[in-house]
There are 2 protein chains.
Amino acid sequence: MGYKETWSGKINRKLIKKQHIIDVAAGRCKADLVLKNATYVNVFSAELETQDIAVAEGLIVGLGSYEGIQEVDMTGKIVCPGFIDSHIHLESSLVSPVEFARAVIPHGTTTVITDPHEITNVMGTDGIDYMLAATEELPVDVRFMIPSCVPASALDESGANLDYRDIDSFFTHPRVQGLAEMMNYPGIIAASAEPVSKIVTSQAHHKKIDGHAPGIRDKDLNAYISAGVYSDHECADLEDAMAKLRLGQFIMIREGTAARNLEALIDLIKSERMFDRCMFCTDDKHPNDLLEKGHIDYICRQAVALGADPIRTVQVACLHAARYFLLNNRGAIAPGYLADFAIVEDLKDFHVVTVYKKGELVYHDGQVAKIAAPVIPPHLESAAHNTFHLPVLTPAMFENHRQRGVIGMIPGQIITEDRGYANSVDTQKDILKMAVIERHKNTGHIGIGYLNGYGLKAGAVATSVSHDSHNIICVGATDTDMAFAANRIAENHGGIVVVKDGRILAELPLEIAGLMSDKPLAEVNDLLETAKEAAYTLGVGKEIDPFMTLSFMSLPVIPTVRLTTRGVVDVITQQYI
Amino acid sequence: MGYKETWSGKINRKLIKKQHIIDVAAGRCKADLVLKNATYVNVFSAELETQDIAVAEGLIVGLGSYEGIQEVDMTGKIVCPGFIDSHIHLESSLVSPVEFARAVIPHGTTTVITDPHEITNVMGTDGIDYMLAATEELPVDVRFMIPSCVPASALDESGANLDYRDIDSFFTHPRVQGLAEMMNYPGIIAASAEPVSKIVTSQAHHKKIDGHAPGIRDKDLNAYISAGVYSDHECADLEDAMAKLRLGQFIMIREGTAARNLEALIDLIKSERMFDRCMFCTDDKHPNDLLEKGHIDYICRQAVALGADPIRTVQVACLHAARYFLLNNRGAIAPGYLADFAIVEDLKDFHVVTVYKKGELVYHDGQVAKIAAPVIPPHLESAAHNTFHLPVLTPAMFENHRQRGVIGMIPGQIITEDRGYANSVDTQKDILKMAVIERHKNTGHIGIGYLNGYGLKAGAVATSVSHDSHNIICVGATDTDMAFAANRIAENHGGIVVVKDGRILAELPLEIAGLMSDKPLAEVNDLLETAKEAAYTLGVGKEIDPFMTLSFMSLPVIPTVRLTTRGVVDVITQQYI
């Protein structure tokens, strides 16, 4: 049995560490690391200062003139605190947490707050445990908000159904900051016990509650905020953001892959009045977006290009999120703060050249330091790689002669249109069959409908990334290819596949819960781009992302019509049609 | 045995309350209270807004148009969040906590953060427990910082000697916010285990640590801050404050009875850059100062008179302290925040006309609502009223023929001068005998010295308020009157006394730990003013506060010479002379 530390033992261990920190700060012994002649962003005084930054025990201990065991000259660079993403669903990168870390570290990200909403809809609390295990001791500090809406809708058949008791124990985990975006704002405003009890539980643990309530106002907004929702990341315009700021919410300015609000909200940063209650988030970042544009560094670059003050931009990118989440030891360069640094060439392009996490060099000049993959307990590893529970599918299961609703895609948007009824495929008229196949609990449920606006002329496309329940969505010109595609997804334990005439044209296995790959981001991106090309060769319109748009087709919380495992549903009336 | 609530029971109880809050906010049922047509300070947007403020369950739930069971028209008034004193030693008011509450509520104070340093030097951890008990459920929310320096100096004989283990358990109390001002900054900078372990303990409980480090700079300041000290209230000039702000400390702008820094620091509020890291505190408020000038309302009035923006001043007086102490449900007028209101006539005089605490009217138009005195456990009540443990004193015990140091008073200052030696009283030359009588542990220790500059011509003056150990200080022209005065203090269980020729001219009993009275503030002030007059009639110089100046004569951390229970000590060399 291992050594069990007593409370006194813990205090004494920390005391010794603290005494070393003080000794270094006081100049009595050498720092572990000194960034010499460092021009850094002082997020408190909103100044650029130039002096040595001394680091010991993973913390910044002194600013002034210091000697170090290791000294690195910073002349010509600007040292920022490590960047913080205040709200992301890590699963949307399509890679495992360790690969996500490898991908975002070169962009200066040292802390992200993730909501494991996707994997939890598949695996329930095992999904939260898996993500906590998979992020332990990563060089990006991954903090958690516990999913509040599993399932997202009662119309959905997800892998789990969590009430407040299910999530209660997670709030005491040291990396859990609170309850994730409360999307069920109608439920909160109606004071319904199920969602409100989750807020009450998070508050009882003195934790935060994030919001998600686009455009609500007046008494609805008062009700939502008075329930205990402290932030919002769904503001698409300044008016919405100001209404929420005035009532005390913090605003996460979102600039992700699908939703981009920076330009609309840039005045929040430009004006002095309330920018201290704003932070940045991405919400969802897809592989090519992460690879090509970057992460929080990209948002900073865009903000400055839109006219925001560079130093204020850094404050938004670092300090404000840290303070909101009560992560009071980061987001600034000052004694006692984590030695997390994003070192950039300038405050215009925010091109990151070097990154330190807790005083360790984790990225320099194109090279990410070796990152050990966290050890995941075997039962979680096994559970995460075996989430498909459905029968082998036959073409007969996709047969249909009834009238079914036609869901109309609108290029560039995730809302859909009601385009009447159909009872068979007609590729001339761009009417395709679509199926949503329950894959969590072997119910055999298959919802059938029709899709207009996708463009596929032959074969089938299927994906297990289908918000928010992540059943298998399949669109096809023939029942045979649809069954083949869906079976292939199950064989791969998840992912994306493009097939034609019983042949796989391209595929991206996503073997972790059907959502993420164990491969590096660049490889995943290559497979994904190849699969996209395959879908385009089958006729999918170039103005459409063949998989992302598909993945929203079964989310029955976004208007107008969607397909679930039980059929086509009118989201407005919440009735099957 | 009473009902023991389960965790689920607690969640459900809070759920029901929360559902009511939401129902009121959504307009589905009437608020408990509505402040109609309220012009209020929005501390987030830095605006004055005018709308109804709806209150339910002690919280603000909605801003807009609301109906209430009780409605109060606010036309012509300005509603501010309740004011917060970020650092006070409540004992210095000389009254019990309940009387302190009665005294500060009319000034709009709804939260104070107290450091029970004085009573803890007398009673040890019992003093903390007593103050926690004596502040339970008061209409001023009294939050605690746990004393870090008991005793203040190794030269002192106080009633207790607390190490980190002694204070450890207090950090889990729901009204304890952290570790109080770490006055032993030389010890921290030297990395000495005793004080540093207290910081480590507070941090291990995720609590704050307040600072006290006038004028330190450079590596010393880095060392002190890197140890984990988050704030300072000892800045006497802008340069000192800016140095600390730049390194990440929060600044408490102090304007109390003895120390007044508002004018010197007013630019911190005037400049936008860092005022969000500043708050107000009083540190020490004596009875007449509280009665005549006020409390945080007085500081606001002064700040605006000195040119500070009124709304920004309110932000400093409310929001910033709340955020620093992580009291995230107060300091603002917004849904979910405590319904603590200081309602003023304008933002110039800050004349408080009405005060609400958690939605209850606690002050209006000169009348304080009835406040129930908290029930204090008998063992603490008894301990607090029996803190004098010393023999009956005889004049012979004060006899002296040796050469002793002469402590020179400087009018208007608390520092002293070394004025040589004396071996007897000489009222012509204003040489008086002074004694510090150990009164905690019956040691019989009596330190004898001489005092110059006090002016007493006959009789004796004694007080048990003597920083920081609160032994009995006695100054006299004769040994007989000195013994008589000191014995009288012990008989009264503490306080202040002025005697002549074996007769009591005036006295103020301070029966709680020898520091506080159970009487109301106005009565205490009357007795105190009468005692001052008596001291002046005995010859004490009018330029001197006869008791306050005396109370610092045994504090061996302020230059130059002091008298302790063991004799006259040179504070600079830390040697008895």
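Residues numbered from 1 in each chain as written. Chains lettered and ligands numbered in written order. Predicted model: local features only at pLDDT ≥ 70, side-chain atom pairs only at ≥ 80, totals over all residues. Heavy atoms only, no water.

The number of helices and strands found in chain A is 18 helices and 28 strands. Against the compact-globule benchmark of 25 Å for 577 residues, chain A has a radius of gyration of 25 Å, which places it among compact chains. Projecting the C-alpha coordinates of chain A onto the three principal axes gives extents of approximately 85 × 55 × 50 Å. In chain A, buried positions account for 66% of the 577 residues. On chain A, roughly 19500 Å² of surface is accessible, and the fraction owed to carbon and sulfur atoms is 50%. Measuring between centres, the 52 positive side-chain charges of chain A sit 3 Å from its 74 negative side-chain charges. (Helix = DSSP H or I, 4+ residues; strand = E, 2+ residues; numbered from the N terminus. Rg over C-alpha atoms; globule rule 2.2 N^0.38 Å. Buried < 20%, exposed > 50% of the residue type's maximum accessible area, 1.4 Å probe, protein only. Areas by Shrake-Rupley, 256 points an atom, 1.4 Å probe, with all protein chains shown as cover. Lys, Arg positive; Asp, Glu negative; His and termini not counted. Charge placed at Lys NZ, Arg CZ, Asp CG, Glu CD.)

What follows covers the packing of aromatic side chains. Scanning the entire structure with this criterion turns up 10 aromatic pairs over all chains. Between Tyr185 of chain A and Tyr224 of chain A, the aromatic rings sit 6.4 Å apart at their centres with planes inclined by 80°, giving edge-to-face as the arrangement. Separated by 39 residues along the polypeptide, Tyr185 of chain A in helix 6 (residues 185–189) and Tyr224 of chain A in helix 8 (residues 218–226) bring together distant segments of the chain. Using a relative accessible area of 0% as the deciding quantity, one classes Tyr224 of chain A as buried. When the centroid spacing of 4.9 Å and the interplanar angle of 50° are considered together, the rings of Phe250 of chain B and Tyr324 of chain B count as tilted. Linking Phe250 of chain B in strand 12 (residues 250–254) with Tyr324 of chain B in helix 14 (residues 319–324), this pair joins segments that are 74 residues apart in sequence. Tyr324 of chain B carries the same exposure label as Phe250 of chain B, and that label is buried. Pairwise contacts between aromatic rings join Phe250, Tyr324 and Phe325 of chain A into one cluster. (Phe/Tyr/Trp six-rings, centres within 6.5 Å; stacked < 30°, edge-to-face > 60°.)

In this section: the confidence of the model for chain A. The share of residues in chain A with pLDDT of 70 or more is 100%, and the mean pLDDT across the chain is 96. Quick note on the complex model: pTM equals 0.96, ipTM equals 0.95. (pLDDT = per-residue confidence, 0-100.)

We now examine the relation of the copies chain A and chain B. The transform that puts chain A on chain B rotates by 180° and translates by 0.0 Å along the axis, for an RMSD of 0.1 Å. Between the two chains, the operation in question is that of a two-fold axis. In this assembly the copies share their binding face: 100% of the residues contributing to the interface of chain A also contribute to that of chain B. (Least-squares fit on C-alpha atoms with pLDDT ≥ 70 in both. Contact = heavy atoms within 4.5 Å.)

A separate point is the interface of chain A and chain B. Across the boundary between the two partners, chain A contributes 67 residues, which contact 67 residues of chain B. With both sides pooled, the region where chain A packs onto chain B buries about 5400 Å², and carbon together with sulfur makes up 57% of that total. Area buried by chain A at its contact with chain B is led by Phe44, Lys219 and Arg323 of chain A, which between them contribute 12% of it. The interface formed by chain A and chain B holds 23 residue pairs in polar contact (both at pLDDT 80 or more) in total. When residues of the side of chain A that touches chain B are assigned to their parent elements, the largest contribution, 12 residues, is made by helix 1 (residues 7–25) of chain A. Each residue belonging to the side of chain A that touches chain B can be placed in one class, and the counts come to 33 nonpolar, 19 polar and 15 charged. (Buried area = accessible area lost by both parts, 1.4 Å probe. Polar contact = N/O pair within 3.5 Å; in protein donor to acceptor, adjacent residues only side chain to side chain. Nonpolar A, V, L, I, M, F, W, Y, C, P; charged D, E, K, R; others polar.)

Our next topic: helix 2 (residues 97–104) of chain B. Residues and elements named next belong to chain B. The element helix 2 is largely enclosed, with a buried count of 7 among its 8 residues. Buried within helix 2 are the following residues: Pro97, Val98, Glu99, Phe100, Ala101, Ala103 and Val104. Tucked into the core, helix 2 has its buried residues touching strand 6 (83–88), strand 7 (109–114), helix 4 (125–134), helix 11 (287–292) and helix 17 (521–537).

The next subject is the environment of Phe552 of chain B. Residues and elements named next belong to chain B. Topologically, Phe552 is positioned in the loop between helix 18 (548–551) and strand 26 (561–564). Separated by 11 residues in the primary sequence, Phe552 and Leu563 have C-alpha atoms spaced 9.6 Å apart. The contacts of Phe552, once residues within four sequence positions are left out, are Ile414, His467 and Arg562.

This brings us to the sheet that holds strand 26 of chain B. Residue and element names in this part refer to chain B. Reading across from one edge, 26-27-28 is the order of the 3 strands in this open sheet, with antiparallel pairing throughout. Because the sheet does not close on itself, it has two edges, and the strands there are strand 26 and strand 28 (575–576). By the bridge criterion, 2 bridges tie strand 27 (residues 567–570) to strand 28 in an arrangement that is antiparallel. Residue pairing in the sheet places Asp570 in a bridge with Gln575 of strand 28. (Pairing = 2+ DSSP bridges.)

Residue and element names in this part refer to chain B. Of all 10 residues that make up helix 12 (residues 296–305), 7 are buried, and the element is covered over most of its length. All buried positions along helix 12 are accounted for by Ile296, Asp297, Tyr298, Ile299, Cys300, Ala303 and Val304. Elements in contact with the buried residues of helix 12: strand 6, strand 7, helix 10 (262–270), strand 13 (278–281), helix 13 (310–317) and strand 15 (352–357).

For the rest of this paragraph, the subject is the sheet that holds strand 13 (residues 278–281) of chain A. Sheets are built from strands paired through backbone hydrogen bonds, the pairs being either parallel or antiparallel. All names here are of chain A. Across the sheet, 3 strands lie side by side as 11-12-13; this open sheet has parallel pairing. The strands lining the two open edges of the sheet, one partner per strand, are strand 11 (231–232) and strand 13. Relative to the sheet, helix 10 (residues 262–270) contacts strand 12 (250–254) and strand 13, its axis offset from that of strand 12 by approximately 140°. (Axes fitted to C-alpha atoms, helices over the stretch in contact; angles between N-to-C directions.)

This part is about the pattern of salt bridges. A full pass over the atoms with the stated rule returns 62 salt bridges over all chains. Among the salt bridges present, the one from Asp52 of chain B reaches Lys36 of chain B, with a minimum N-O distance of 2.8 Å. Taken as a pair, Asp52 of chain B in strand 2 (residues 47–56) and Lys36 of chain B in strand 1 (residues 31–42) lie far apart in primary sequence, 16 residues in all. Here the two residues Asp52 of chain B and Lys36 of chain B agree in accessibility, since each one is buried. Close ionic contact of Glu239 of chain B with Arg217 of chain B constitutes a salt bridge, the shortest N to O distance being 3.5 Å. In this pair, Glu239 of chain B sits in helix 9 (residues 238–246) while Arg217 of chain B sits in the loop between strand 10 (208–211) and helix 8 (218–226), placing the two residues 22 residues apart along the sequence. Exposure remark for Arg217 of chain B: the relative accessible area of 22% places this residue in the partly exposed category. Counted as one network, the salt bridges with shared partners bring together Arg217, Asp232, Glu239, Asp240 and Lys244 of chain A. (Salt bridge = Lys/Arg side-chain N within 4 Å of Asp/Glu carboxyl O.)

Attention now goes to the pairing of strand 26 (residues 561–564) of chain A. Residues and elements named next belong to chain A. Of the two faces of strand 26, the one lined by Val561 and Leu563 and the one lined by Arg562 and Thr564 are each fully buried. In this sheet, strand 27 (residues 567–570) lies alongside strand 26 in antiparallel orientation, the contact comprising 4 bridges. Across the sheet, the residue bridging to Val561 is Asp570, located in strand 27. Where strand 26 folds back onto strand 27 in an antiparallel hairpin, the turn is made up of 2 residues.

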